[in-house]
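Tertiary structure, described
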Amino acid sequence: MSREGALAIIVLVAVLLVGAGAWAWWRRTRRDAQPLVQPGDLAVGAHVRASFDVLYVATTRHDAPLERIAAPGMAFRSKATVTVADEGIAVAMTGQAPFVLTAERIVDVGQSTVAIDRVVEAGGLTRLTWRTDAGSTVDSYFRPQDASARALADAVAGILNPTQTGTDA
């Protein structure tokens, strides 16, 4: 085979792989086109317990940390602020409308080590399991920048029923 023939095959394979990836992402964004939660803010008189600067890593199907959900506003990593109040938690991601998860919607909070393509030290991510507007359960992962993942998990656990908290490796 000539050098030009080999190059043509390599270019063809590369174009097919990029095309397959783009097609898969397009299908995923169509599948997840509905927002998981409506935008909103904490009430004006909310009693804020703590606020954390975090990196939002991903939202995945519950107990499937490698299955990213590409819902509007949650498809990509982002800097964010998580505010923990007695009424729930507010998540404000850069460039997105903030949303609030009331304590009743939060199923579990704990620590994790892996989500999508992010692997960190043991317990380096805070995993928040919550119910969407549609009633399905998802996991959102955050990496605190100004505190430990345990501190964020403990702050959220402080507004929950004791049976709602957990940790996994």
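Bear in mind the structure is a predicted one, so any value in this text is a computation, not a measurement.

**Here we look at the overall build of the protein chain**
Across its full length, the protein chain holds two helices and nine strands. In the protein chain, the succession of α and β elements from N to C terminus is α-β-β-β-β-β-β-β-β-β-α. Projected onto its principal axes, the C-alpha positions of the protein chain cover 70 × 35 × 25 Å. For the protein chain, contacts bridging at least 24 residues in sequence account for 63% of all contacts bridging at least 6. Of the roughly 9200 Å² of accessible surface on the protein chain, a fraction of 60% belongs to carbon and sulfur atoms. Of the side chains in the protein chain, 16 bear a positive and 17 a negative charge, and the two mean positions are spaced by 8 Å.

**Some words on helix α2 (residues 149-157)**
Within α2, burial applies to Ala 149, Leu 152, Ala 153, Ala 155 and Val 156. Taken down its axis, α2 places every buried residue within 160° of arc, on the same side. Close packing links the buried residues of α2 with β1 (48-61), β2 (78-85), β3 (88-93), β5 (106-112), β8 (125-131) and β9 (137-144).

**Details of the environment of Pro 72**
Relative to the helices and strands, Pro 72 is located in the loop between β1 and β2. On the basis of relative accessibility, which here comes to 44%, the residue Pro 72 falls in the partly exposed class. C-alpha of Pro 72 to C-alpha of Ala 103: the two residues are 31 residues apart in sequence and 23 Å apart in space. If we ignore the near neighbours within four places in the chain, the residues touching Pro 72 are Asp 32, Ala 33, Gln 34 and Pro 35.

**Points about the pattern of salt bridges**
Summed over the entire model, instances satisfying the criterion amount to five salt bridges. In this structure, the salt-bridge partner of Arg 49 is Asp 86, at a minimum N-O distance of 2.4 Å. Taken together, the residues Arg 49 in strand β1 and Asp 86 in the loop between β2 and β3 connect sequence positions 37 residues apart. According to the relative accessible area criterion, Asp 86 is partly exposed, its value standing at 34%. A salt bridge links Asp 108 to Arg 127, with the shortest nitrogen-to-oxygen separation between them at 2.6 Å. Of the two residues, Asp 108 sits in strand β5 while Arg 127 sits in strand β8, which places them 19 residues apart along the sequence. Taken as a pair, Asp 108 and Arg 127 share a single burial class, namely buried.

**Observations concerning the packing of aromatic side chains**
The final tally for this structure, using the stated rule, is three aromatic pairs. For the ring pair Tyr 56 and Phe 142, a centre distance of 5.9 Å and an interplane angle of 55° mean the geometry is tilted. Taken together, the positions of Tyr 56 in strand β1 and Phe 142 in strand β9 put the pair 86 residues apart, joining distant regions of the chain. A single burial state applies to Tyr 56 and to Phe 142, both of which are buried.

**Observations concerning the nonpolar core**
Ranked by internal contacts, the top residues of the largest apolar core, which has 29 residues, are Val 84, Ile 89, Leu 128 and Val 156. Looking at this core, the elements that each hand over two or more residues are β1, β2, β3, β4 (99-102), β5, β8, β9 and α2. Looking at this core, the element that brings in the most residues is α2, giving four residues. Not counting residues up to four positions away in its chain, the partners in contact with Leu 128 are Ile 89, Leu 101, Ile 106, Asp 108, Val 109, Val 138, Asp 139, Ser 140, Phe 142 and Val 156. Grouped together as the second largest cluster of nonpolar side chains are seven residues, Val 57, Ala 58, Ile 116 and Leu 125 included.

Thresholds applied
Residues numbered from 1 in each chain as written. Predicted model: local features only at pLDDT ≥ 70, side-chain atom pairs only at ≥ 80, totals over all residues. Heavy atoms only, no water. Helix = DSSP H or I, 4+ residues; strand = E, 2+ residues; numbered from the N terminus. Contact = heavy atoms within 4.5 Å. Areas by Shrake-Rupley, 256 points an atom, 1.4 Å probe, with all protein chains shown as cover. Lys, Arg positive; Asp, Glu negative; His and termini not counted. Charge placed at Lys NZ, Arg CZ, Asp CG, Glu CD. Buried < 20%, exposed > 50% of the residue type's maximum accessible area, 1.4 Å probe, protein only. Arc of directions from axis to C-beta. Salt bridge = Lys/Arg side-chain N within 4 Å of Asp/Glu carboxyl O. Phe/Tyr/Trp six-rings, centres within 6.5 Å; stacked < 30°, edge-to-face > 60°. Core = buried A, V, L, I, M, F, W, Y, C linked by side-chain atoms within 4.5 Å.

Worth remembering: the numbers are spatial, not functional.
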